[in-house]
Structure formats: C-alpha cells, structure tokens
Amino acid sequence: MSEIMLQQTPVVRVLPVWRAWLDRWPTPAALAAAGPADVVRAWGRLGYPRRALRLHAAATRIAHQHRNEVPNNHAQLLDLPGIGSYTAAAVAVFAFGQRHTVVDTNIRRVHARLFGAKALPAKSLTAAETRLADRLMPKDTELSVKWNQSVMELGALVCTARSPTCHECPVFEQCAWIAAGRPEPDYVPKGQSWHGTDRQVRGAMMAVLRHSSDPVPVSLLLTDRSGAEQLATRIENPGRDSAELLARLWSLPAPPEQRERALDGLVKDGLASRRDNTASLPD
DNA sequence: AACCCGTGGAC
DNA sequence: TGTCCAAGGGT
C-alpha cells in the first residue's frame, strides 16, 4: 500500500493517508470490498488517482487469488496491477527481506554520480543501470537489504537532485562526479508541463467529482467562465467548496474540445462514469 | 523510447 | 512567480 502511494509522491504527503487507509482497510479483502468511488475519494489529493484504482484492483486480486495475503514472490508481485519493476522489488526486499535489485530514482542518481561522473542518470532506466545495481549489491541477503535501503536513503537525503550536500556524503572521496569537477547535466530534463494541459483540466474535474456526493451535470464540467453564469442557476445546492472547485475548473484557459477530451480521458481510465448527461466517480 | 498521468513544497 | 521534481507504471 505504501509503495504504490509513494510512486511519485513525497513521503510527508503519503503518511497521513497511508495511516488512514490502514485503519479503514486493514486487509486486502477489506479494501477489495470497498467501491472504487470511495477509494478514489480516500485517495484525496495524493495525485495520479489511477494509482488508487490500481491499488484497489491489486487488493481484489490478492483477496481472491492469493488467499488475502500479499504474495512474497517477485514474479507474482510484478503481475499485480500498479506494480512494476521497482515496486515488486521494493516489496520483496523491504517487506519480505529477500535479495532483489532495487532501482529507483534515488539509486539511479547515486550510481550516475558515483560511478558515471554524471550529474543525472539516463533519461529512462537502461539495462546497464540495472546490471550495475545488481553487480554492486552484496551477495549476502541480509546485507543486500540494508544496501538497497542505504543507497536509496543516500540519494534521498544527501545525493539529492538539486543542491546535494556533498560535504556530508560518506563516499565523497570515491565519487567520480566530484573527481570530474561536478560537471553539468549533459541534457536538459523535460519539465512536466502543467498550465494549459489536459492534466490540469483532469485534475480540476477530479476535484469537483471527489467533492460531490451527487452526479455532476456534464454541462457544468464542460463549460468555461463565459458559459458559467447561465448555468449557475442549475447548481441546486452547490455548497461553498463545490462552487469554488467549479469556479477553478471554469477559469482554466481550456477550449471546449480540451474539456471534452479531458472528461473522456477520465472515463476511459475508469476514474469517472458518465451517463444521463452527468458524471460521477466510478461505480 | 517517448509520452501521458496530479499535486504541492522548495528554491 | 515560475521551475523543478518526487520510493513509477502503463502504453
């Protein structure tokens, strides 16, 4: 549960939600018994809400096909929805104490600097990076678990993406990147655009749907600020928060086609259901 | 390989 | 203010 929540979301934001989920759904079967709408609402603003659906789907599979116990087998973990190479290894290693090669963004960055003399790892995970991580890992199982944890922590706390604190790095003396004079990155990372994107529209729509207990007229989701006034009378009991969330959605600089596309995308991803000219969280 | 998918804190 | 980026996965 925590590993899926931690995919691209910082620990400090995951912690309170994770605790609440454990309290509310202590077992895979308990989570499986919940409806996707409740799951998406409980996900709140962790971001990438499709992860909530995948976690729910994984819990369902675990409940029904694995006797309500999280498999301790790497291949079986990898087969679950929302669990890729990193998460499967992380669970096998950190939950079950097994020896597997863990390669996350922190480990990739540490290795890129320490051994590659690069400021940043490759744009996407390469086979060479996995081979290197595998080769560096201690043979002893217990030690390999600590190794994976340690390298990850080093990247998360010291060898950070921006302004690493090299003066407190335990392997400063052996760092190839330091030896090379801390050269700049050889490429410019493609920043995740946000303003004006479908994602921004989807996010605003999801905020409205999460907050609304009743189906939302599609026209309210698809209109913009110019059309909002004539529709305002259709909001029967908007509530203060709903009105604010709708206002935020309407104020986005998104043309009608983009709003349609965003809603269709949500439906396609199973994050929203649409019928009778209304939209709501998935059934 | 390249691209898509949310959200908010730090700088 | 705007940019960066975070314990990735799926297509």
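Here the structure is shown first, and the text comes after it.
The following refers to the structure shown. (Residues numbered from 1 in each chain as written. Chains lettered and ligands numbered in written order. Predicted model: local features only at pLDDT ≥ 70, side-chain atom pairs only at ≥ 80, totals over all residues. Heavy atoms only, no water.)

**Re the protein's contact with DNA strand B**
Link 1 in the chain: Neighbouring DNA strand B are 19 residues; Arg 13, Tyr 48, Pro 49, Arg 199 and Arg 202 lie closest to it.
Link 2 in the chain: Those atoms of DNA strand B that come within 4 Å of the protein belong to sugar or phosphate at a rate of 59%.
Link 3 in the chain: The side chain of Thr 9 places a nitrogen or oxygen atom 2.9 Å from a base nitrogen of DNA strand B.
Link 4 in the chain: A distance of 3.3 Å is found between a phosphate oxygen of DNA strand B and a side-chain nitrogen or oxygen belonging to Arg 210. (Near = heavy atom within 4 Å. Polar contact = N/O pair within 3.5 Å; in protein donor to acceptor, adjacent residues only side chain to side chain.)

**Details of the nonpolar core**
Among soluble globular proteins, nonpolar side chains are generally buried collectively.
Link 1 in the chain: Grouped together as the largest cluster of nonpolar side chains are 28 residues, with contacts concentrated most on Val 201, Met 205, Val 208, Leu 209, Leu 221, Leu 249 and Leu 263.
Link 2 in the chain: At the level of secondary structure, the elements contributing two or more residues to this core comprise α4 (36-43), α12 (198-211), α13 (218-222), α15 (239-251) and α16 (256-268).
Link 3 in the chain: Take this core: its biggest share by element is seven residues, from α12.
Link 4 in the chain: Residues lining this core come from more than one domain, with at least three contributed by each of domain 1 (2-95) and domain 3 (198-280).
Link 5 in the chain: Residues in contact with Leu 249, not counting those within four places in the same chain, are Val 201, Ala 204, Met 205, Val 208, Leu 220, Leu 221 and Arg 259.
Link 6 in the chain: Grouped together as the second largest cluster of nonpolar side chains are 22 residues, Val 14, Leu 31, Leu 77 and Ala 92 included. (Core = buried A, V, L, I, M, F, W, Y, C linked by side-chain atoms within 4.5 Å. Buried < 20%, exposed > 50% of the residue type's maximum accessible area, 1.4 Å probe, protein only. Helix = DSSP H or I, 4+ residues; strand = E, 2+ residues; numbered from the N terminus. Domains from an automatic or database assignment. Contact = heavy atoms within 4.5 Å.)

**Brief notes about the protein's contact with DNA strand C**
Link 1 in the chain: Taken together, 24 residues surround DNA strand C, and among them Leu 6, Gly 82, Gly 84, Thr 87 and Gln 192 come closest.
Link 2 in the chain: Each atom of DNA strand C within 4 Å of the protein was assigned to sugar, phosphate or base; sugar and phosphate come to 61%.
Link 3 in the chain: Between DNA strand C and Gly 82, the relevant distance is 2.9 Å, taken from a phosphate oxygen to a main-chain nitrogen or oxygen of the residue.
Link 4 in the chain: Side-chain polar atom of Arg 109 to a phosphate oxygen of DNA strand C: 3.3 Å apart, as the coordinates give it.
Link 5 in the chain: By residue class, the composition of the surface near DNA strand C is eight nonpolar, nine polar and seven charged. (Nonpolar A, V, L, I, M, F, W, Y, C, P; charged D, E, K, R; others polar.)

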